[in-house]
Amino acid sequence: MEKKVERLLNRVSLFFAAIATLALLHLFAHSSLSCAPAPLPTAPRARGDGRSQPQKPKPAPSSPRSSCDAASREVLTPDKRFAKLRSSRSWRRRADAYAALFASLRSPTLLSNASHVLCVSAGAGHEVAALQESGVSDVTGVDLVDFPPLVRRADPHNLPFFDDVFDIAFTAGLAGALFPARFVAELERTVRRGGAVVLAVDRPSSAQEAEGIKALFRRSSLLEARNTTMLGSEMSLFIMKNNGKKRS
């Protein structure tokens, strides 16, 4: 009895092995090991009056349908990808919004072309590009994920810069900080005495919320707070002057 069961199991195994082999042969026969060249264009079809009728070109698929499609597409270098992104309407619109914001901060004592500027949580570098295009040459952008050439990788809670390096630090990323007090402390540490830290945040819903934002600063005093609108969102700017010494 056991030998019959064993023979039956062997036959079943051979059956499934044969099916698997046939499936592999089928896949091999219907797949090409190399990409076939694109077919040559066909001659235009003649109409009833003897004149040729031009054929409409087929639109290229939005995404590759096979490895051959992907291989035939142009591989963009990082510089070309960046140039393509910067030319997009959405990227340009956001960069222009930051340009308008920084234009309102321009003054000899706060922001000028000679300023050393740090942008923290800079994302895709819209604010970095806006500052550079306005004439500020020394701009450093950092975020947890780099975005060459505008933004380098760094932890906003542990910035890789010496103390008192920058004239002004800007961020619109306070809401995304895991440890807001540490986040602000690093901004203050890297800005020189007499320099400024500028926060762009969603407009506080109450005076108490605004006081909570100001209380995060241990070395700075409020220079100015103003409301603004950016990309259709109601925002507030907190401009804090670095006094150099921690408050007790």
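In this numbering scheme, every chain counts its residues from 1 along its sequence in written order. Given that the model is predicted, a residue must reach a pLDDT of at least 70 before its local features are reported, and side-chain atom pairs must reach 80 or more before they are shown or counted; all residues, however, enter totals for whole chains, interfaces and linings. Calculation of side-chain values draws on the structure's entire complement of heavy atoms; hydrogens and water are dropped beforehand.

Asker: So what's going on with the overall build of the chain? Which residues, and what values?
Answerer: Each helix and strand in the chain was counted, giving seven helices and nine strands. Among the 248 residues that make up the chain, the fraction classed as buried is 30%. Every residue pair with non-hydrogen atoms within 4.5 Å of one another is taken to be in contact. Taking contacts inside the chain between residues at least 6 apart in sequence as the whole, the part at least 24 apart equals 58%. Residue-level accessible areas treat just the shown protein chains as cover; the underlying method is Shrake-Rupley with a 1.4 Å probe. A total accessible area of about 16700 Å² is found for the chain, and carbon and sulfur atoms account for 58% of it. Strands are runs of DSSP state E lasting at least 2 residues, helices are runs of H or I lasting at least 4, and numbering of each runs from the N terminus. Per-residue accessibility, obtained with a 1.4 Å probe over protein chains only, is compared with the maximum for each type, and a residue is labelled buried under 20%, exposed over 50%, and partly exposed between these values.

Asker: Give me the lowdown on helix 4 (residues 89–103), citing residues and values where you can.
Answerer: Residues that lie three or four places apart on an α-helix share one face, since the helix turns once every 3.6 residues. How far a helix is expected to stretch is found by multiplying one less than its residue total by 1.5 Å. With 15 residues, helix 4 should reach 21 Å at 1.5 Å per residue; the first-to-last C-alpha distance of 21 Å fits that figure. Along helix 4, the residues that are buried comprise Trp-91, Ala-95, Ala-97, Tyr-98, Leu-101 and Phe-102. Projection of helix 4 onto a plane perpendicular to its axis shows the buried side chains occupying an angular sector of 150°, all on one side. Those residues of helix 4 that are exposed and angled more than 90 degrees off the buried face are Arg-89, Arg-93 and Ala-103. Residues of helix 4 that are buried make contact with helix 3 (78–86), helix 5 (126–133), strand 6 (166–171), strand 8 (220–230) and strand 9 (233–242). Each C-beta atom gives one direction from the helix axis, and the arc is the one those directions make.

Asker: I'd like a description of the nonpolar core, backed by residues and values.
Answerer: For soluble globular proteins, nonpolar side chains are generally found buried alongside one another. We define a nonpolar core as any set of buried Ala, Val, Leu, Ile, Met, Phe, Trp, Tyr and Cys residues linked to one another through side-chain atoms lying within 4.5 Å. Ranked by size, the top nonpolar core spans 31 residues in total, and within it Phe-102, Leu-105, Leu-111, Val-117 and Leu-131 carry the most contacts. Where this core is concerned, the elements lending two or more residues are helix 4, strand 3 (116–120), helix 5, strand 6, strand 7 (191–202) and strand 9. No other element matches helix 4, which puts six residues into this core. Among all residues touching Leu-131, those that are not within four sequence positions of it are Phe-102, Leu-111, Val-117, Cys-119, Val-136 and Val-139. Formed by 22 residues, the second largest nonpolar core is a distinct cluster that contains Ala-169, Leu-187, Val-191 and Val-201.

Asker: Just give me the short version of the sheet that holds strand 6, but keep the residues and values in it.
Answerer: At least two bridges found by DSSP between two strands is the condition for calling them paired. The seven strands lie next to each other as 5-4-3-6-7-9-8, forming an open sheet whose pairing is mixed. A single partner strand is all that each edge strand has here, and the edge strands are strand 5 (151–153) and strand 8. Neighbour to neighbour, the strand axes of the sheet diverge by 20° on average, direction disregarded. The pairing of strand 8 with strand 9 spans ten bridges and is classified as antiparallel. Bridge pairing links Arg-226 to Leu-237 in strand 9. Every axis in this analysis is a line fitted to C-alpha atoms, fitted for helices over the stretch in contact. Angles between the N-to-C directions lie between 0 and 180 degrees. Across the sheet, helix 7 (residues 207–214) is in contact with strand 7, strand 8 and strand 9; its angle to strand 9 comes to roughly 40°.

Asker: Could you give me a rundown of the environment of Leu-237, with the residues and numbers involved?
Answerer: Position of Leu-237 relative to the elements: it lies in strand 9. Of the residues examined, Leu-237 reaches a relative accessible area of 2% and is grouped as buried. Separated by twelve residues in sequence, Leu-237 and Ala-225 have C-alpha atoms that sit 5.5 Å apart. Residue contacts for Leu-237: discarding those within four places in its chain leaves Leu-101, Leu-105, Val-198, Leu-199, Ala-200, Glu-224, Ala-225, Arg-226 and Thr-228.

Asker: Pulling in residues and values, what's your account of the pairing of strand 4 (residues 138–143)?
Answerer: Burial analysis of strand 4 places five of its six residues in the buried class, the great majority of the element. Inspection of the sheet shows strand 3 paired to strand 4 by five bridges, in the parallel sense. The partner of His-116 across the bridge, within strand 4, is Asp-138. Once the chain exits strand 3 it traverses helix 5 before rejoining the sheet at strand 4, and the crossover so formed is right-handed. Both strand 4 and strand 5 contribute to a ladder of three bridges, which runs parallel. With its strands directed away from the observer, a crossover is right-handed exactly when the path from the first strand over the helix to the second travels clockwise.

Asker: Can you break down the side chain of Asp-167 residue by residue, with the values?
Answerer: Mapped onto the elements of the fold, Asp-167 is located in strand 6. Relative accessible area serves as the criterion here: at 16%, Asp-167 is assigned to the buried category. A distance of 2.7 Å separates the side chain of Asp-167 from the backbone nitrogen of His-116, its partner in a polar contact. Beyond its immediate sequence surroundings of up to four residues, Asp-167 is in contact with Ala-114, Ser-115, His-116, Val-191, Arg-192, Gly-195 and Ala-196. Residues adjacent in sequence count toward polar contacts only when both atoms are side-chain atoms; beyond that, a polar contact is any pair of N or O atoms within 3.5 Å, and within protein one must be able to donate a hydrogen and the other to accept it.

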